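# An overview of the molecular structure
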Amino acid sequence: MKTITIPSSEIPVRAEVDVLVVGAGPAGLMAAQAAALVPDTKVMLIESRGILGGNMTIGLPLLGFLGRKGNVVIKGLPGQFVERLQAQGLATHHRACPLHVSLTMIDPEGTKRLAFQIIKECGIELLMYAFATDVIMDGDTVKGVVIDSKKGREAILAKRIVDCTGDGDIAFRAGAPMNYGNEKGIPQPPTLMFSMRGVDSRKLRDAVADHPELYDIDFIPNEFFRADDNCTMVGFRNQVKKAREEGYNLPVERTIFMTGMAPDEWWVNMSRVNGVDATDPEQYTYGEVKCAEQNEEIVRYLKAYIPGFENAYVDRVAPFMGIRETRRIEGEYVFTEQDIFDCAKFDDVVAVSAYPVDLHHPVGGDCTLQWCPDCYDIPYRCLIPKKIDGLIMAGRCVSMTHLALASARVMGPAMAMGEAAGKAAALSLKEGAQPRDVNVKELQEALREEGVYFRD
C-alpha cells in the first residue's frame, strides 16, 4: 500500500477528566452514569454519532433481563433505565419468551431523550461527532485519547478510560492482544433493521396460531403468539423456501420480525451480509448498501407470503446496521461457551445473564440457539485487557470466545457490564489502584447498593 508521511504537530488538549467513556451505546451510557455516581468523579462521554443509545435506537428489543426461571437478573442502572421508560409508556414489561428467554420492547426516540436527560442529571460532560482515532500512552498505560472532528485533532487526557466502542477501538490502538470473529476470522453478520406499520396484527397472530402446519415457528408453540403481547416470531422457513422457489432472492433461511410499541408496528430483522468487517469503512459501506437492497426484496416477500403484511408499509429504517461482532480483547480471563452451559459462578462476578448462545452463522443464512439451564456469571476479569493498564472494557468487545459472545453481546448483558466497568473505573481511582487490581469485593458492594443482582 502506498504511504505518505505527515509531519508531527502539537495538538490542543480539549479536556482533562477522571473517567473517559468512549462510545455512548447501551454499555457506554451505563458506564458513564455509574462512574458519575461516585462522588467527586469528573466524567466525560464521547460519541462518534449524533445520537445516544447505540443499538437501543435501531428497533431491537432489549434482551436478557429475565432468567430462565422468570426472575429479573439484570437490575441496577439498566433496570432503572427501563423503569423510567415504562413510566412514560415508552417500554413494555419484560415478557418471558421460550426462545429468547425474555423480550422488552422500547421506543427508540424515547430512549434517545432519556439518555440525554440522564447525562444532564449526572453532570457528565458530553461530546458527540468525535472519533477516537489514537491513544496517548505512558509505557503500557493509557493516559488519554486523540479525537478527530471537524475542528481537527484534539487530545482528551483521562486517569481511567472505559472502552465501550463495541469494536475495542481503544484497546486495539493501545496494543492490547485482540481476537476477531470465529476460528477462521469470520464474524457474525450485521443486519439493517426496519419497521413496518399498517400490519394487521390480529390477522397475523390468528393465522400463526390457527395454522401451525402452514406457518412453522422455531421452537415456540404457535399458540404462544395469539395473545396481544410483545414477541419475536422466528421461523416461516416454509414461506422462505416457497418464495425462493418462485424467484425471490432472500439472504436468510428464516423470517424474523418482532412487535414494536404501536399495535400495527413490527420490526424486521432479516438482512445480512456475511463476512463484513465493520472496522473497515469500505466493507461497512458495502454492508449498508447491500442490506438496504436486501430489505427491498424482504418487504416484497413479507407482503406476499406473511398474513397481515399485505397492506403494510415501511415506516422507519435504522440509522445504521446492527453489528454483532468484530474485535474482542484477550483479557485476564477468557469466558467460554462452556461457562454458559455450566451456569458458571465466579468470585469476581459483576453481572449475571441468562441469554442463550444466539449465533447468526458467519457463513450461510441460518442461526441457532443454545440455552443454559438457568443463568451464568460474567467475571470482572473479562473486562480487563492483558498488558494494558488504565483501561476497562464493556460490551461486545470483552474477553470471550466467539460462541460465548453470541450470548453476552446483546443489550441487557452489555448494559450490566457497562455499569460494572464505569463503577470500577471510578473506584480504582479512589483506591489508587490500576483497574486490574481493584478491590472486587468493594466493587460488588457498590454495585449491590445500586440494586445489581447477584446469585446467592
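What counts, and at which threshold
Residues numbered from 1 in each chain as written. Predicted model: local features only at pLDDT ≥ 70, side-chain atom pairs only at ≥ 80, totals over all residues. Heavy atoms only, no water. Helix = DSSP H or I, 4+ residues; strand = E, 2+ residues; numbered from the N terminus. Rg over C-alpha atoms; globule rule 2.2 N^0.38 Å. Buried < 20%, exposed > 50% of the residue type's maximum accessible area, 1.4 Å probe, protein only. Contact = heavy atoms within 4.5 Å. Areas by Shrake-Rupley, 256 points an atom, 1.4 Å probe, with all protein chains shown as cover. Core = buried A, V, L, I, M, F, W, Y, C linked by side-chain atoms within 4.5 Å. Pairing = 2+ DSSP bridges. Axes fitted to C-alpha atoms, helices over the stretch in contact; angles between N-to-C directions. Phe/Tyr/Trp six-rings, centres within 6.5 Å; stacked < 30°, edge-to-face > 60°. Lys NZ or Arg CZ within 6 Å of the ring centre and 35° of its normal. Salt bridge = Lys/Arg side-chain N within 4 Å of Asp/Glu carboxyl O.

### Regarding the overall build of the chain
For the chain, the helix and strand inventory stands at 11 helices and 21 strands. Whereas a compact globule of 456 residues would reach a radius of gyration of roughly 23 Å, the chain reaches 22 Å, a difference of no more than 12%. With the C-alpha coordinates of the chain rotated into their principal frame, the extents come out at 65 × 60 × 40 Å. Counting the 456 residues in the chain, one finds 61% classified as buried. For the chain, long-range pairs separated by at least 24 residues make up 73% of all intrachain contacts whose partners lie at least 6 apart in sequence. Only carbon and sulfur atoms are counted for the fraction: they give 50% of the accessible area of the chain, which is about 18,000 Å².

### Some details on the environment of Thr336
Secondary-structure assignment places Thr336 in the loop between strand E16 (327-329) and helix H8 (337-341). Taking the C-alpha atoms as reference, Thr336 lies 9.1 Å from Ser399; in sequence the two are 63 residues apart. The residues touching Thr336, leaving out its near neighbours within four places in the chain, are Thr401 and Ala404.

### What about the nonpolar core?
Grouped together as the largest cluster of nonpolar side chains are 106 residues, with contacts concentrated most on Leu20, Ile46, Val145, Ile161, Tyr380 and Leu383. In terms of residue count, the dominant contributor to this core is helix H10 (residues 411-431) (11 residues). Not counting the four nearest positions on each side in its chain, Leu383 is found in contact with Ile329, Ile392, Met393, Val398, Met417, Ala420 and Ala421. The next biggest cluster of nonpolar side chains, apart from the first, holds 54 residues, and it includes Leu204, Cys231, Cys291 and Tyr301.

### What to know about helix H1 (residues 26-36)
Counting buried positions along H1 yields 11 of 11 residues, so the element is predominantly enclosed. Of the surrounding elements, those touching the buried residues of H1 are strand E1 (13-22), strand E2 (43-47), helix H2 (76-87), helix H3 (108-121), strand E9 (152-163) and H10.

### Brief notes about the sheet that holds strand E14 (residues 266-268)
As summarised here, the arrangement of the 5 strands in space is E12-E13-E14-E11-E15, forming an open sheet in which the pairing is antiparallel. In this open sheet, the two edge strands, each paired with only one partner strand, are strand E12 (232-235) and strand E15 (313-317). Each adjacent strand pair in this sheet contributes to an overall mean axis angle of 30°, direction not counted. Sheet analysis places E12 next to strand E13 (residues 255-259), joined by 4 bridges and oriented antiparallel.

### Quick word on the packing of aromatic side chains
A complete count under the given rule lists 11 aromatic pairs for this structure. Ring geometry for Tyr215 against Phe236: centres 6.1 Å apart, planes inclined by 55°, an arrangement best described as tilted. On the criterion of sequence distance, the pair formed by Tyr215 in the loop between helix H5 (201-210) and E12 and Phe236 in the loop between E12 and helix H6 (237-245) is long-range, its members being 21 residues apart. A residue is classified by how much of its surface remains accessible, and Phe236, at 0% relative accessible area, is buried. A cation over an aromatic ring shows up here: Arg49 above the ring of Phe320, its NZ or CZ 3.6 Å from the ring centre. One residue, Arg95, lies across the ring of Phe224, its end atom 4.0 Å from the ring centre.

### Quick word on the pairing of strand E17 (residues 349-353)
For E17, the buried fraction is high: 5 of the 5 residues fall into the buried class. Across 4 bridges, the pairing between E17 and strand E20 (residues 376-379) is antiparallel. Each bridged residue has a counterpart across the sheet, and for Val352 the counterpart in E20 is Asp377.

### Quick notes on the pattern of salt bridges
Tallied over the full model, the rule gives 33 salt bridges. For Arg226, the salt bridge identified is with Asp210, shortest N-O distance 2.8 Å. Here Arg226 is found in the loop between H5 and E12, whereas its partner Asp210 is found in helix H5, with 16 residues between them in sequence. Taking the relative accessible area as the measure of exposure, Arg226 reaches 26% and is therefore partly exposed. Ionic contacts of the salt-bridge type, sharing partners, join the residues Arg202, Arg205, Asp206, Asp210, Glu223, Arg226 and Asp228 into one network.

### Some thoughts on the sheet that holds strand E3 (residues 62-63)
Strand order in the open sheet formed by 3 strands is E3-E5-E4, with antiparallel pairing between adjacent strands. Edge strands, defined here as strands with exactly one partner in the open sheet, are E3 and strand E4 (95-97). Taken together, the 3 bridges between E4 and strand E5 (residues 101-104) define a ladder with antiparallel strand orientation. Of the residues in E5, the one forming a bridge with Arg95 is Leu103.

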